[in-house]
Structures are given as C-alpha cells and as structure tokens.
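# Notes for the structure review
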Amino acid sequence: MELLLFVLVLVSFCGAQTWTPPAFCHGKPCPEYSVVETNTEKDYELRSYVATDWITTKMAGTTIIDFTAARTRLSNVGGYSDSWPSLATVKNGSEYWLSWFVAPGSNVIISNPLVIKESRPKADVYVRTINAIPGIKEGKEKAEKFCEDLTYSNCNSYSAAGYDTFWSTTHHNEIWINKI
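Scoring rules and cut-offs
Residues numbered from 1 in each chain as written. Predicted model: local features only at pLDDT ≥ 70, side-chain atom pairs only at ≥ 80, totals over all residues. Heavy atoms only, no water. Pairing = 2+ DSSP bridges. Helix = DSSP H or I, 4+ residues; strand = E, 2+ residues; numbered from the N terminus. Axes fitted to C-alpha atoms, helices over the stretch in contact; angles between N-to-C directions. Contact = heavy atoms within 4.5 Å. 1 Å grid on protein atoms, 1.4 Å probe; cavity = no way out; pocket = protein on both sides within 12 Å on 5 of 7 lines; lining within 4 Å. Points joined across faces, edges and corners; volume = space filled by probe spheres on them. Nonpolar A, V, L, I, M, F, W, Y, C, P; charged D, E, K, R; others polar.

Side-chain direction in a regular strand flips from residue to residue, so the side chains alternate between the two faces of the sheet. In this structure, strand β2 (residues 44-49) lies alongside strand β7 (residues 123-130), joined through five bridges in antiparallel fashion. When the bridges of β7 are listed, Arg-47 appears paired with Val-125. Relative to strand β9 (residues 173-178), β7 runs antiparallel, the two being bridged by six bridges. Bridged to Val-127 within β9 is Trp-176.

In structure tokens form, the structure reads like this:
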C-alpha cells in the first residue's frame, strides 16, 4: 500500500512538469517545442513541435492591403486569446497564408468561411532567427539562403514566424522550414 502511494505521488510530480515559453513570446502562449539540434556554424536549430492548432486564412497577394485584410479576418474570430507567433506561410512559391497560434484550451468560434481552424501534427522544423522588420521580400531572401545552408534543392514552402507587433522597437522573427 505504501509503495502504491509513493508511486502515485511520484507520478503526480513528474506529470506536473509544464513547458515555459521562451522570453520572445512576451508572456503569451506559444507552440510548445524542444530543441533537438543546434547548429552554431550555420546559425539554426532543429525544433520538435507538439501538435498544435491555428486559425488560418489565405492572403490574396503580398501587399499590405492583402495582409491587413487577412489580419482583420483573423481578428474577428471569437474565443481567440492573444498568443504568438503570427505565421506567414508561403506554399508552392505562390500561395500566401496567415495563421495565428491557438492556445491549448481555447474554444475559437469561426464565422467567416475564409478562416479555417487548422490542426497541425507534431513536426520537426528547422528554425533560424532573424532580427529584422518582417516583410515578404526579405522573408523570401532569408528562406532561400536558409534552404541553401540546409542543402535543400527546392524550397518553395516555408513560414516566417513573428513574435512582435510591427511597431515594436525590436523584432524577434524566425524562418521555419519543415524537415524533409
């Protein structure tokens, strides 16, 4: 009986471990990950992300008007709690999507058919930090360089993760490329 009680107490302490988001999340919920590999020579890390939920909408193009329209659609989702990152994803070199991370336990209410709730499975992602003001052109250039460093021959799909508002005096942004 005492052994069973000891095991239950031990399991409860082990299960109570929680993930603490990094400082660049500014105290807001972020997708949970663990660092699998750090490459200081080429300035990136390989992260293993847990399964996550996102609210996502397609952008009509790459102008500030397209971005603002997508941002407005996501802003109107009910039950969404403020979190990071904001993810701009390029698919097949020409499709642009904007996504916001949905914190675990959130009950989002989507009324706009142009917005979807996307469940992403656990994934390994190469991440490179870029401390610059975000932009489509700069993101593409950074992603292409990152692909070269990873020796990926075809890099038409990648994401730029932003953890600060546009008006912030400092910017922690990242390029994400899924491990192939």
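Don't stop here, the text continues.
The strand order across the open sheet formed by nine strands is β1-β2-β7-β9-β8-β4-β5-β3-β6, and the pairing between neighbours is antiparallel. Whereas interior strands pair on both sides, the edge strands pair on one side only; in this sheet they are β1 (33-39) and β6 (115-120). Taking each pair of neighbouring strands and ignoring which way they run, the sheet shows an average axis angle of 30 degrees. Sheet analysis places β1 next to β2, joined by six bridges and oriented antiparallel. The partner of Ser-34 across the bridge, within β2, is Ser-48. Those strands touched by helix α3 (residues 136-150) are β2, β5 (95-102), β7, β8 (158-162) and β9, and its axis lies near 50 degrees from that of β9.

Turning our eyes to something else, we now look at the layout of surface pockets. Taking a probe equal in size to a water molecule and rolling it over the atoms shows the remaining empty space. Approximately 450 Å³ is the volume found for the second largest pocket. Only β3 (52-59), β4 (86-91), β6, β7, β8 and β9 provide two or more residues apiece to the lining of the second largest pocket. When residues of the lining of the second largest pocket are assigned to their parent elements, the largest contribution, four residues, is made by β4. Each residue belonging to the lining of the second largest pocket can be placed in one class, and the counts come to 15 nonpolar, six polar and four charged.

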